[in-house]
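Chain by chain, the residues run as shown.
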Amino acid sequence: MASIRDLVPGTDTLDVTWDDGVTTTYLWLWLRDHSHDPETLHPVSQQRLVFTAGVPADIAGARAEVVDGELVVDWVGGGTSRLPVAFLERFRVPATVPTRVDVERELWDSTTIYPTPSVPYDEVMGSDEGTVRWLREVARWGFALVTGTPATTEATEELVKRVAYVRESIFGGFWWFTADLKHDDLAYTNTELLAHTDGTYSHDGPGLQLLHCIEFLDPVGGDSTMVDGFRIAAELKAKNPEAFELLSSFSVPGQYIGDGAHLMSSRPVFRHDQTGELVQVSFNNGDRAPFLLHPDEQRAFYDALRAFEELANDERLQWVHVLQPGEAMLFDNWRVLHGRKAYSGTRTLCGAYLNHEDFESRLRRGV
Ligand code: OGA
Ligand code: ZN
């Protein structure tokens, strides 16, 4: 841990110089807002209790010193705040808070995704280390299989619950499906599904999806496909910046009509955060709601869509595999696009959606 070498008070700031020579300037107001006393910060929930707007904008420290690993500030006009030096150290450099989990993404194509990222079921179920290993693979590659999963809905549901609680949707919570049109969705047929993400009609599209093919009798076709949406983004940005720009800014509407519902949402295919980092890829051509633009804009939209869809369905970028009973697949629906080839035979899948923040939370908690 770094230690504090020097404190220099100013009018509305405190300069903290660390033992390696780095100086951080904190506003007195920031120090008051982040005080760790129990009236300011709830000691258990870590939630802020102070009414920040009620703190005078010109609040100033009368005295500041380091005592037993804490910065102690006595305020002009009364009151004392304490902030752990370890806490201040986390903010030595002004920056927005990174909320992404601490796992590097590996952008892949059909030459680098094999052998398929996989973890054995017994390992995932048997220890926190195994569960976290699985989730780290998903964070790294965008998806990973769990091999040796008993081919039952019960075992699959147990597997999902190693990660988080199940997210409810129009399809229920934990679901299973076959080609019986039980819901008004192409998933419940045996036709081909081109590369897509689920839930472009939800404001908060499902974060992750688990799919487990628990039965495939007389199988013909039915290959599962997967493509790395972040890899598509990188390639498009380099080769066709106009298309990348359009798909990063134009909000594409998605809809679900059926089962007594009419869900609608819209967002760009490439959604970026306020720092410009790509955070989500959403694309579902089947669920795109109709809209009409002026001819020039409409042409530009179709050009960009074509560029994207060609990449999303390019074998050069695809992982292709007929899922076998026992292979449960967890994938990041904000990153990879999935699909399946047309098939005949009796094919039953079960699975669930999870929220992205719950997946991230499980990773952050670790073992
Ligand atoms: C879906 C889907 C894939 C499959 O249900 O959205 O993509 O393998 N299914 O049936
Ligand atoms: Zn799908």
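Details of the structure are given in the entry above.
In what follows, the accompanying structure is described. What you see is a predicted model, and the numbers here were worked out from it, not measured in a lab.

Check the secondary structure of the protein and you find 9 helices and 20 strands. A total of 367 residues make up the protein; the buried ones form 49% of that total. Taking the contacts inside the protein whose residues are at least 6 apart along the sequence as the reference set, 70% of them involve residues at least 24 apart. In the structure as shown, the protein presents an accessible area of about 18000 Å², 53% of it carried by carbon and sulfur atoms. Looking at charge distribution, the protein has the averaged site of its 32 positive side-chain charges lying 1 Å from that of its 56 negative ones.

So, on to the sheet that holds strand E5 (residues 70-75). Taken in spatial order, the 3 strands line up as E4-E5-E6 in an open sheet, and their pairing is antiparallel. Single-partner strands in this sheet number two, and they are strand E4 (61-67) and strand E6 (80-84). The sheet shows a mean angle of 20° between the axes of neighbouring strands, taken without regard to direction. Here E5 pairs with E6 via 5 bridges, running antiparallel. Within E6, the residue paired with valine 73 across the bridge is serine 81.

Right, let's talk about the coordination of the zinc ion (ligand 2) for a bit. Ligation of the zinc ion (ligand 2) by protein atoms is provided by His196 (NE2), Asp198 (OD) and His338 (NE2), these donors lying 2.0 to 2.2 Å from the ion. Ordering the donors of the zinc ion (ligand 2) by residue number gives the pattern H-x1-D-x139-H. We classify histidine 196 as buried; its relative accessible area is 9%. Taking the relative accessible area as the measure of exposure, aspartate 198 reaches 13% and is therefore buried.

Looking now at helix H8 (residues 295-312). End to end, H8 covers 25 Å across 18 residues, agreeing with the expected 26 Å (1.5 Å per residue, within 8%). Of all the positions in H8, only Gln298, Phe301, Ala304, Leu305, Ala307, Phe308, Glu309, Leu311 and Ala312 are classed as buried.

Another aspect to go through is the site of ligand 1. Near ligand 1 the following residues occur: Phe177, Ala187, Leu193, His196, Asp198, His338, Arg340, Arg347 and Leu349. One nitrogen or oxygen atom from the side chain of arginine 347 is found 2.6 Å from an oxygen atom belonging to ligand 1. Taken by itself ligand 1 offers 290 Å² of open surface, and the protein chains cover 94% of this. Counting residues per element, the ones that place at least two in the shell around ligand 1 are strand E10 (193-196), strand E19 (336-340) and strand E20 (343-354). Looking at the shell around ligand 1 residue by residue, the class counts come to 4 nonpolar, 2 polar and 3 charged.

Interaxial distance between helix H7 (residues 241-249) and H8 falls to 9 Å at its minimum, and their mutual angle equals 105°. By the angle between their directions, the pair H7 and H8 is classed as roughly perpendicular. Within the contact between the two elements, H7 uses Ala243, Leu246 and Leu247 and H8 uses Ala300, Phe301, Ala304, Ala307 and Phe308. For the contact of H7 with H8, the per-class residue count stands at 8 nonpolar, no polar and no charged.

Conventions and cut-offs
Residues numbered from 1 in each chain as written. Chains lettered and ligands numbered in written order. Predicted model: local features only at pLDDT ≥ 70, side-chain atom pairs only at ≥ 80, totals over all residues. Heavy atoms only, no water. Helix = DSSP H or I, 4+ residues; strand = E, 2+ residues; numbered from the N terminus. Buried < 20%, exposed > 50% of the residue type's maximum accessible area, 1.4 Å probe, protein only. Contact = heavy atoms within 4.5 Å. Areas by Shrake-Rupley, 256 points an atom, 1.4 Å probe, with all protein chains shown as cover. Lys, Arg positive; Asp, Glu negative; His and termini not counted. Charge placed at Lys NZ, Arg CZ, Asp CG, Glu CD. Pairing = 2+ DSSP bridges. Axes fitted to C-alpha atoms, helices over the stretch in contact; angles between N-to-C directions. Donors = N, O, S within 2.8 Å, 3.2 Å for Na, K, Ca; no water. Expected span 1.5 Å × (residues − 1). Near = heavy atom within 4 Å. Polar contact = N/O pair within 3.5 Å; in protein donor to acceptor, adjacent residues only side chain to side chain. Nonpolar A, V, L, I, M, F, W, Y, C, P; charged D, E, K, R; others polar. Parallel < 35°, antiparallel > 145°, perpendicular 65-115°, else oblique.

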